[in-house]
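In case you want the letters, here they are:
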Amino acid sequence: MFLHFERSTNTKADCKVLSLTWMGKVPDELPDEDGWKLNRVNYYQDGWLATGNTRGVVGVTFTTCHCRKTMELPSRTNYNLRGHRSEVTLVKWNEPYQKLASCDSSGIIFVWIKFEGRWSIELINDRNTQVTDFAWSHDGRMALICYQDGFVLVGSVAGQRYWSSNLNLDANITCGIWAPDDQQVLFGMSSGQILVTDVHGEMVGQVRVQEGVNITGMAWSCEKFKMEETDEEDGIHTVLYQQT
């Protein structure tokens, strides 16, 4: 991969970027029960970068590591999605469903979907409370939302609420993630603890990482999908993507 810095005022952002999320190149259709057949090279070298900035704009830009002039590019490689009226603090891709969630500082969440070359808002969620974290499950079917007041919500990709709870704790929930198998939810706390619930919201356990240390983020060191080699042709490896 090559990185090139261009000395031009036209290539600089006119405001501060607050959040980034990248999505690899995947087929337009949804995966079936057996998953997708994807080319490993294409997935990691082509994709879409989404950004959220202080002007309330969500940017979506096509990215590639290829430098061939003959390579096929999308008909449009850059989008500015407008609708937020305050700073966009979080942007998160849902890869299996090709959707993008964006959260602003006022607590409004938009779920964007692309149709016939245009991005539009499919769902709106507004509790009038700041969102501290948002996470899609690995299979893309569920969304986790953490709020500043301790309220947490798990819903479907279509906007249906599965369960919600107001965790009256001595510390604030600062972040949340799904376990690799999507059967548990982990919450990071401002007190240095990690709370674990099952997929239905029942408390499973808690771990104290360090007393009084604010946990600002969590991430798994694992693949988003299970990759299995299926065949080789002309030196190109094809992999089967399955939700784990």
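Fair warning: this is a prediction, and the values are worked out from it, not measured in the lab.

## A look at the overall build of the protein
Argument step 1. Regarding its fold elements, the protein presents one helix and 19 strands.
Argument step 2. In the form shown here, the protein has an accessible surface area of approximately 14,500 Å², with 47% of it arising from carbon and sulfur atoms.

## Observations regarding the packing of aromatic side chains
Argument step 1. What the rule picks out here adds up to six aromatic pairs.
Argument step 2. Measuring from ring centre to ring centre gives 5.4 Å for W48 and F62, while their planes differ by 70 degrees; the resulting arrangement is edge-to-face. Here W48 is found in strand β3 (residues 46-53), whereas its partner F62 is found in strand β4 (residues 58-64), with 14 residues between them in sequence.
Argument step 3. For W48, a relative accessible area of 14% translates into the label buried.
Argument step 4. Residues W93 and W119 carry aromatic rings whose centres are separated by 5.8 Å and whose planes lie at 55 degrees to one another, so their mutual orientation is tilted. Taken together, the residues span a long stretch of sequence, with W93 in strand β6 (residues 88-94) and W119 in strand β9 (residues 118-126) at a distance of 26 residues. Here W93 matches W119 in class, with each residue buried.
Argument step 5. Ring pairs connect the aromatic residues W48, F62 and Y79, which therefore count as one cluster.
Argument step 6. The lysine or arginine in question, R127, covers the ring of Y147, its NZ or CZ lying 4.5 Å from the ring centre.

## Here's the deal with the side chain of D104
Argument step 1. Counting through the fold element by element, D104 comes out in strand β7 (residues 99-104).
Argument step 2. Despite its burial, D104 pairs with no opposite charge; the closest candidate is R85, at 8.4 Å N-O.
Argument step 3. Within the local environment of D104, its side chain forms a polar contact with the side chain of S106, the two groups lying 2.7 Å apart.
Argument step 4. In this structure D104 touches H84, R85, S86, E87, V88 and T89, once residues within four positions along its chain are discounted.

## Regarding the UniProt feature "repeat: WD" (unreviewed entry) in the protein
Argument step 1. Per the UniProt record, "repeat: WD" (unreviewed entry) is annotated on residues 81-112.
Argument step 2. The distance from the first to the last C-alpha atom of residues 81-112 is 9 Å, and the span holds 0% helix and 59% strand.

## Here's the deal with the pairing of strand β14 (residues 173-178)
Argument step 1. Of all six residues in β14, six are buried, a share of seventy percent or more.
Argument step 2. In this sheet, strand β15 (residues 184-189) lies alongside β14 in antiparallel orientation, the contact comprising five bridges. By the bridge assignment, G176 is partnered in β15 with F187.
Argument step 3. Linkage of β14 to β15, two consecutive antiparallel strands, is achieved through a turn of five residues, within which D182 is found at a positive phi near 60 degrees.

## Examining the pairing of strand β10 (residues 131-136)
On any regular strand, side chains alternate: one points to one face of the sheet, the next to the other face.
Argument step 1. With respect to burial, β10 is a largely interior element, five of its six residues being buried.
Argument step 2. Of the strand pairs in this sheet, β10 and strand β11 (residues 142-147) are connected by five bridges, and their pairing is antiparallel. Looking across to β11, one finds that W136 is bridged to A143.
Argument step 3. What sits between the antiparallel neighbours β10 and β11 is a turn of five residues, in which G140 has the positive phi angle 80 degrees.

Rules used in this analysis
- Residues numbered from 1 in each chain as written.
- Predicted model: local features only at pLDDT ≥ 70, side-chain atom pairs only at ≥ 80, totals over all residues.
- Heavy atoms only, no water.
- Helix = DSSP H or I, 4+ residues; strand = E, 2+ residues; numbered from the N terminus.
- Areas by Shrake-Rupley, 256 points an atom, 1.4 Å probe, with all protein chains shown as cover.
- Phe/Tyr/Trp six-rings, centres within 6.5 Å; stacked < 30°, edge-to-face > 60°.
- Buried < 20%, exposed > 50% of the residue type's maximum accessible area, 1.4 Å probe, protein only.
- Lys NZ or Arg CZ within 6 Å of the ring centre and 35° of its normal.
- Lys, Arg positive; Asp, Glu negative; His and termini not counted.
- Salt bridge = Lys/Arg side-chain N within 4 Å of Asp/Glu carboxyl O.
- Polar contact = N/O pair within 3.5 Å; in protein donor to acceptor, adjacent residues only side chain to side chain.
- Contact = heavy atoms within 4.5 Å.
- UniProt positions renumbered as here; feature names shortened; annotations may be inferred.
- Pairing = 2+ DSSP bridges.

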